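# Topology and contacts: notes
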Amino acid sequence: MPQHHESVLEDEICQHLAANGWLYSPTDDGYDRDLALFSDDVFAWLADTQPVELAKRLKPDASTAEQEKAKSALLQRLAKALSADLKADGGTLAVLRRGFSDFNATFSMCQFKPNSGLNATTAAKYSAVRLRVMRQVHYSRANTKKAIDLVFFVNGIPVATAELKTDFVQSVAHAIEQYKKDRLPKGEPLLTFATRALVHFAVSNSEVQMTTKLAGKDTFFLPFNQGDDGHAGNPLNPDGGSSTAYLWERILQRDTWLEILQKFVFLKKETVEDEYGRSRRKSTLIFPRFHQWEAVTT
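An account of the accompanying structure is given in this report. (Residues numbered from 1 in each chain as written. Predicted model: local features only at pLDDT ≥ 70, side-chain atom pairs only at ≥ 80, totals over all residues. Heavy atoms only, no water.)

## A few points about the overall build of the chain
Of the regular secondary structure elements, the chain holds ten helices and 13 strands. The C-alpha radius of gyration computed for the chain amounts to 20 Å, which stays within 12% of the reference 19 Å derived for 298 residues, consistent with globular compactness. Taken over the C-alpha atoms alone, the chain extends approximately 60 × 55 × 45 Å along its principal axes. Counting only residues that meet the buried cut, the chain has 49% of its 298 residues in that class. In the chain, of all internal contacts separated by at least 6 residues, the share reaching a separation of at least 24 is 61%. For the chain, the computed accessible surface area is about 14600 Å², with 51% contributed by carbon and sulfur atoms. (Helix = DSSP H or I, 4+ residues; strand = E, 2+ residues; numbered from the N terminus. Rg over C-alpha atoms; globule rule 2.2 N^0.38 Å. Buried < 20%, exposed > 50% of the residue type's maximum accessible area, 1.4 Å probe, protein only. Contact = heavy atoms within 4.5 Å. Areas by Shrake-Rupley, 256 points an atom, 1.4 Å probe, with all protein chains shown as cover.)

Here it is in C-alpha cells:
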C-alpha cells in the first residue's frame, strides 16, 4: 500500500528501530549543530563504560559550573579529533575504531562485537553501545530552518543521514536533488566529508541511493538496491510494506550496522597526479553497496 506522506515513512523506520535496540529522538532537542554531536549519548556512553577515565576529566567533587566547563572542553576535544585531517588519522572512522585522548584521559567511542562472549567486560561494553535515530535534525549553522529527515548516531556521533520521499508524491531522484542543491557541506560539520556522517541515503518506498561525499551538483550517488531478479531496483515486499524495508530491517539491524562500521567501511588514501603531473593526496571513503555486503555475509 503506498505511503502518501514522508512522515508515515519516517514513522515506519523509527518505530521499527525503536523496537529493535535503537534509541529514538522524535525531535532534535539536545543536538549541538556547531559540534555536530548529541552530547547526552556521548556522556552516557563514557559514564557506563569508562567511569574511571571520565572521572579524570569530570572531577566528582567539582562544582556544577566546573563540571559543565569540563564537559564542554571534552566535547570540544572530541569534535577536534573528528574534524582532524584525514591524512593524520582524523575523522569519524578513526575515532570510532581507536578513540581519542583528552589530556591525561583516553576514551574509546565504540565497542564492536567481540569474537566470542567469553570476555564479560567486553560483551557488556558492546551491549552498552548507544545507537540512536533522530528525526528532523536542524543541522545548519547558516540557516536554522534547514532540517534533514533522519540522522543516525553511534554514542552521540552522527554516522549517517537520510532524506526520505514517498513514491506517491516524489521519487528517490527528488531526495538526490535535495542533497545536491540544498545540502551543501561547506561550513556544516554534519555534512563534511568523513568527519561526521559517513554515508547519506536517499530513500523512497521503492529505491535507495547512497553517497559518501556531498559536493553540490557534483555529488555522485550509487544504487543501494537489492536488485530485482537480474534487473535494477528492488522486488516487491512480500509482506506488503515498502520495498526498501531491508534498509532498516537488515542493514540498520544493530549487529549488522556496527559490523558494517567496523569491517566494511574503508577510507582509502592514495597519491594521485593531475593532468600537469602534480601530486596530491586523495582520500576516498568506501561504503559497501548492498550486493557487496550481502555477498560476503550470506
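## Comments concerning the pattern of salt bridges
In the structure shown here, the tally under the stated rule is 17 salt bridges. For the salt bridge of K263 with E259, the shortest nitrogen-to-oxygen distance reads 3.8 Å. One end of the pair is K263 and the other is E259, both in helix α9 (residues 254–264) and four residues apart, which spans about a single turn. The exposure class of E259 is partly exposed, given its relative accessible area of 29%. A network of salt bridges, in which partner residues are shared, links K146, E163, D182 and R183. (Salt bridge = Lys/Arg side-chain N within 4 Å of Asp/Glu carboxyl O.)

## Observations concerning a positive patch on the surface
Residues K213, K268, R280 and K282 make up a contiguous surface patch of positive charge. Structurally, the position occupied by K268 is in strand β12 (residues 266–273). (Patch = residues over 30% accessible without salt bridge, like charges linked within 9 Å, V, L, I, M, F, W, Y side chains within 5 Å. Lys, Arg positive; Asp, Glu negative; His and termini not counted. Charge placed at Lys NZ, Arg CZ, Asp CG, Glu CD.)

## Focus on the nonpolar core
The biggest cluster of nonpolar side chains holds 68 residues, and the ones touching the most others in it are V154, F201, F224 and W257. Broken down by element, the residue count for this core peaks at seven residues, all from helix α4 (residues 64–83). Setting aside residues no more than four positions away along its own chain, F224 makes contact with F201, V208, Q209, M210, Y246, L247, I251, F287, P288, R289 and F290. Counting residues in each nonpolar core, the second largest holds 19 residues, with V172, Y179, L190 and A197 among its members. (Core = buried A, V, L, I, M, F, W, Y, C linked by side-chain atoms within 4.5 Å.)

## Quick look at the sheet that holds strand β6 (residues 131–137)
Reading across the sheet, the seven strands line up as β1-β6-β7-β8-β9-β10-β11 and stay open at both edges, with mixed pairing between neighbours. Single-partner strands in this sheet number two, and they are β1 (23–25) and β11 (222–223). Bridging between strand β10 (residues 208–211) and β11 involves two bridges; their strand directions are antiparallel. Within β11, the residue paired with Q209 across the bridge is P223. Running over the sheet, helix α1 (residues 6–18) touches β1, β6, β7 (148–154) and β8 (157–164) and is turned about 165° from β6. (Pairing = 2+ DSSP bridges. Axes fitted to C-alpha atoms, helices over the stretch in contact; angles between N-to-C directions.)

## Some details on the pairing of strand β13 (residues 279–286)
Of the pairings in the sheet, the one linking β12 to β13 comprises eight bridges and is antiparallel in character. Residue V272 lies in a different strand from β13, and its bridge partner there is R280.

## Some thoughts on the side chain of T161
Along the chain, the position of T161 falls in strand β8. Residue T161 is classed as buried on the basis of its relative accessible area, which comes to 0%. A polar contact of 2.7 Å, which involves the side chain of T161, links it to the side chain of Y179. Looking at T161, its side chain comes within polar contact range of the side chain of H200, at 2.7 Å. (Polar contact = N/O pair within 3.5 Å; in protein donor to acceptor, adjacent residues only side chain to side chain.)

## Some details on the packing of helix α2 (residues 39–49) against α4
The contact between α2 and α4 brings their axes to 11 Å, and the two run at 100°. Taken as axis vectors, α2 and α4 run roughly perpendicular relative to one another. Side by side, α2 and α4 meet where S39, V42, F43 and L46 of the first sit next to K71, L74, L75 and L78 of the second. (Parallel < 35°, antiparallel > 145°, perpendicular 65-115°, else oblique.)

## What to know about the packing of α9 against helix α10 (residues 290–297)
One can describe the packing of α9 onto α10 by two numbers: an axis separation of 13 Å at closest approach and a directional angle of 95°. As summarised for this structure, α9 and α10 are arranged roughly perpendicular, according to the angle between their axes. Side by side, α9 and α10 meet where T256, E259, I260 and F264 of the first sit next to W293, V296 and T297 of the second. Tallied by class, the residues present in the contact of α9 with α10 amount to four nonpolar, two polar and one charged. (Nonpolar A, V, L, I, M, F, W, Y, C, P; charged D, E, K, R; others polar.)

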